[in-house]
Amino acid sequence: MSMQYGCGGGAAVRAAAVVVAAVLMSGCSSDHSAQDKARQEEYCDKLGSWQHEVRARTADTEVAGEAAIHASRKLDKAGLEHGGTRILDDTVNAIAGDTGAEGRAVSYCDSAGFETSVDSVG
């Protein structure tokens, strides 16, 4: 009889441990996702600022471009690229005047949910 109790108690402990682990893992996932979204939002905001500076032909274009490149490095380092894009390469090329690369960078922001941060390329 005590063996039966011991097995049942062990199973309950294991089940509780599984539930606790699942809760902890989901909490970590949520934090990670929020951090990823923050990086994407920062990038799209910086890219949009650069676009604004270019279109306004201000003296801050270079500074805004460097900020966008810096933010794209964070995305690249975190592995936050979509559909095989190379967001760092596209950003560097966009800053250098490649409208195709700029379009891909804008598309990245669209797919990440930050389409209002950037202007369409056209």
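A. Examining the overall build of the protein more closely. Along the backbone of the protein there are 4 helices and 0 strands. When the helices and strands of the protein are listed from N to C terminus, the series reads α-α-α-α. Taken over 122 residues, the protein has a buried fraction of 26%. Counted over contacts in the protein with a minimum sequence separation of 6, partners at least 24 positions apart contribute 56%. Here the protein has roughly 7600 Å² of accessible surface; of this, 58% comes from carbon and sulfur atoms.

B. Structural context of the confidence of the model for the protein. With 74% of its residues at a pLDDT of at least 70, the protein reaches an overall mean of 81. Between residues 1-7, whose pLDDT stays under 50, and residues either more than four places distant or in other chains, the model counts 0 contacts. For the stretch residues 12-31, pLDDT sits under 50, and the model shows 0 contacts to residues farther than four places along the chain or on other chains.

C. Inspection of helix H4 (residues 99-112) at higher detail. The terminal C-alpha atoms of H4 lie 20 Å apart, and with 14 residues this matches the ideal 20 Å at 1.5 Å per residue to within 8%. When H4 is considered as a whole, its buried residues turn out to be Ala 101, Glu 102, Ala 105, Val 106, Tyr 108, Cys 109 and Ala 112. Down the axis of H4, the smallest arc covering the buried residues is 150°, so these residues share one side. Put simply, Asp 98 is the residue that caps the front of H4, since its side-chain oxygen is 2.9 Å from the backbone nitrogen of Gly 100. Directly beyond the C-terminal end of H4, a positive phi value near 95° is found at Gly 113.

D. The environment of His 70, seen in detail. With respect to the helices, strands and loops of the structure, His 70 is situated in helix H2 (residues 61-78). Judged by relative accessible area, which is 44%, His 70 ranks as partly exposed. In this structure, the C-alpha to C-alpha distance between His 70 and Lys 46, residues 24 residues apart in sequence, is 9.1 Å.

E. Main features of unusual backbone geometry. Here Arg 57, not a glycine, exhibits a phi torsion of approximately 55°, which is positive. Within the fold, Arg 57 resides in the loop between helix H1 (2-56) and H2. Here Arg 57 falls in the exposed class, since its relative accessible area comes to 76%.

F. The arrangement of the environment of His 82 in detail. Relative to the assigned elements, His 82 resides in the loop between H2 and helix H3 (87-95). Between the alpha carbons of His 82 and Cys 109 there is a distance of 9.9 Å; along the sequence they are 27 residues apart.

G. Up close: the pattern of salt bridges. For the structure on display, the rule yields 7 salt bridges. As a salt-bridge pair, Arg 86 and Asp 76 come within 3.2 Å of each other at their nearest N and O atoms. Remark: Asp 76 occurs in helix H2 and Arg 86 occurs in the loop between H2 and H3; sequence separation between them is 10 residues. Using a relative accessible area of 40% as the deciding quantity, one classes Arg 86 as partly exposed. For Asp 76, a relative accessible area of 25% translates into the label partly exposed.

Definitions and limits used
- Residues numbered from 1 in each chain as written.
- Predicted model: local features only at pLDDT ≥ 70, side-chain atom pairs only at ≥ 80, totals over all residues.
- Heavy atoms only, no water.
- Helix = DSSP H or I, 4+ residues; strand = E, 2+ residues; numbered from the N terminus.
- Buried < 20%, exposed > 50% of the residue type's maximum accessible area, 1.4 Å probe, protein only.
- Contact = heavy atoms within 4.5 Å.
- Areas by Shrake-Rupley, 256 points an atom, 1.4 Å probe, with all protein chains shown as cover.
- pLDDT = per-residue confidence, 0-100.
- Expected span 1.5 Å × (residues − 1).
- Arc of directions from axis to C-beta.
- Polar contact = N/O pair within 3.5 Å; in protein donor to acceptor, adjacent residues only side chain to side chain.
- Salt bridge = Lys/Arg side-chain N within 4 Å of Asp/Glu carboxyl O.

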